[in-house]
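As a plain string of letters, each chain reads:
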Amino acid sequence: ESKHEFGQNMKALAMAVAKEGCVDETLSAFEAAAEVDFIDGLLENNEALVGTKYADIDVDTLGWIRDELRTIALEESGHAALAWRTVKWICRIDLEACSMVKQHVLNEEELDRAFQRRFWHSFGHGTRDTLKIMEESWKKLYSHVDVPARGNEVSLHDNISGESLVALMAKKVLHSVMDK
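Quick caveat, the model's predicted, so the values are computed rather than measured.

Asker: Describe the overall build of the protein chain, with residues and values.
Answerer: Scanning the protein chain from terminus to terminus reveals six helices and zero strands. Helices and strands appear in the protein chain in the N-to-C order α-α-α-α-α-α. Taken across its 180 residues, the protein chain has 44% of its residues classed as buried. Of the contacts made within the protein chain by residues no fewer than 6 positions apart, 75% connect residues no fewer than 24 positions apart. Looking at the protein chain as shown, the accessible area adds up to about 10,100 Å², and 51% of this sits on carbon and sulfur atoms.

Asker: I'd like a rundown of the pattern of salt bridges, residues and numbers included.
Answerer: In a structure, side chains of opposite charge can pair up when their charged atoms sit close to one another. Under the criterion given, the structure shown has nine salt bridges. For lysine 53, the salt bridge is made with glutamate 35, and the minimal N-O distance between the two is 3.4 Å. Taken as a pair, lysine 53 in the loop between α1 (10-44) and α2 (59-93) and glutamate 35 in helix α1 lie far apart in primary sequence, 18 residues in all. On the basis of relative accessibility, which here comes to 57%, the residue lysine 53 falls in the exposed class. One salt bridge connects glutamate 110 with arginine 113, and the closest N-O pair in it is separated by 2.6 Å. Of the two residues, glutamate 110 and arginine 113 both sit in helix α4 (residues 108-120), three residues apart, roughly one turn of that helix. Taking relative accessible area as the criterion, glutamate 110 reaches 25% and is therefore assigned partly exposed.

Asker: Lay out the environment of glutamate 76 in plain terms, naming residues and giving numbers.
Answerer: Tracing the backbone shows glutamate 76 in helix α2. Remark: the alpha-carbon pair of glutamate 76 and leucine 27, spanning 49 residues in sequence, is separated by 8.9 Å. When sequence neighbours within four positions are dropped, the list of residues in contact with glutamate 76 reads Glu25, Ser28 and Ala29.

Asker: Break down α2 for me, citing the residues and quoting the values.
Answerer: Between the first and last C-alpha of α2 there are 51 Å, a value that for 35 residues agrees with the 51 Å anticipated at 1.5 Å per step. Of the residues flanking the start of α2, the one acting as N-cap is aspartate 58, its side-chain oxygen 3.1 Å from the backbone nitrogen of aspartate 60.

Asker: Please provide a residue-by-residue account of the packing of aromatic side chains, values included.
Answerer: Scanning the entire structure with this criterion turns up two aromatic pairs. Taking 6.3 Å as the distance between ring centres and 40° as the angle between the ring planes, the aromatic pair formed by phenylalanine 38 and tyrosine 54 counts as tilted. Of this pair, phenylalanine 38 sits in helix α1 while tyrosine 54 is found in the loop between α1 and α2, placing the two residues 16 residues apart along the sequence. Tyrosine 54 carries the same exposure label as phenylalanine 38, and that label is buried.

Asker: Please set out the packing of α1 against α2 residue by residue, giving values where relevant.
Answerer: Across the interface, α1 lies against α2 with an axial gap of 7 Å and an inter-helix angle of 155°. Relative to α2, the element α1 is oriented roughly antiparallel. Helix-helix and strand crossings are classified by hand; for α1 and α2 the assignment is left-handed. Along the lines of polarity and charge, the residues of the contact of α1 with α2 split into 25 nonpolar, seven polar and six charged.

Asker: Outline the state of the cysteines, listing residues and values.
Answerer: Considering all chains together, one arrives at one disulfide under this definition. Residue pairing for cysteine 91: its cysteine sulfur links by disulfide to cysteine 98, the two sulfurs lying 2.0 Å apart. Torsion about the S-S bond of the cysteine 91 and cysteine 98 cystine: about 85°, corresponding to right-handed handedness. We note that cysteine 91, like cysteine 98, is buried. Just so you know, cysteine 22 is unpaired, no disulfide at all, and the nearest cysteine sulfur is the one on cysteine 91, 9.3 Å from it. Accessibility expressed as a relative area gives 0% for cysteine 22, which makes it buried.

What counts and what doesn't
- Residues numbered from 1 in each chain as written.
- Predicted model: local features only at pLDDT ≥ 70, side-chain atom pairs only at ≥ 80, totals over all residues.
- Heavy atoms only, no water.
- Helix = DSSP H or I, 4+ residues; strand = E, 2+ residues; numbered from the N terminus.
- Buried < 20%, exposed > 50% of the residue type's maximum accessible area, 1.4 Å probe, protein only.
- Contact = heavy atoms within 4.5 Å.
- Areas by Shrake-Rupley, 256 points an atom, 1.4 Å probe, with all protein chains shown as cover.
- Salt bridge = Lys/Arg side-chain N within 4 Å of Asp/Glu carboxyl O.
- Expected span 1.5 Å × (residues − 1).
- Polar contact = N/O pair within 3.5 Å; in protein donor to acceptor, adjacent residues only side chain to side chain.
- Phe/Tyr/Trp six-rings, centres within 6.5 Å; stacked < 30°, edge-to-face > 60°.
- Axes fitted to C-alpha atoms, helices over the stretch in contact; angles between N-to-C directions.
- Parallel < 35°, antiparallel > 145°, perpendicular 65-115°, else oblique.
- Left-handed = near helix turned anticlockwise from the far one by under 90°.
- Nonpolar A, V, L, I, M, F, W, Y, C, P; charged D, E, K, R; others polar.
- Disulfide = S-S within 2.5 Å.

Below is the structure:
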């Protein structure tokens, strides 16, 4: 549970948005998207279900789980994009708060550590390719902290190119963060 009391404290706002939005929401979006990609692979080959946590779930239910996770991944990426835009806004109006958040949360060492904590030890089912896409997207994202006022929207129906949801979701957040 997250409880915030900012009042006029822009530093507290910046720290909370950076930690919970930029870091946690972005990584949650990656995690949900990776699970969608994993389930997609299982559904393409029903024999692949054997030995997974989804082995006892029927295909229709698994399809429903995948669809719900896809919605969650895209919603989380929207939350993440809003957080990155909020940090940009804070940096425009309060250089001290901006400096503090970049020093304590949005620096390369802390961001790499957050990614490692979240995925390298608990991402048992994922392929190294998926993990690599996530890591590359994460690094690209945090190297472009300067964000535009509006993000690009991605819908559930935008994945007509056959791209993995991880790649699609990462593009959504990246487009929101990078200047055009």
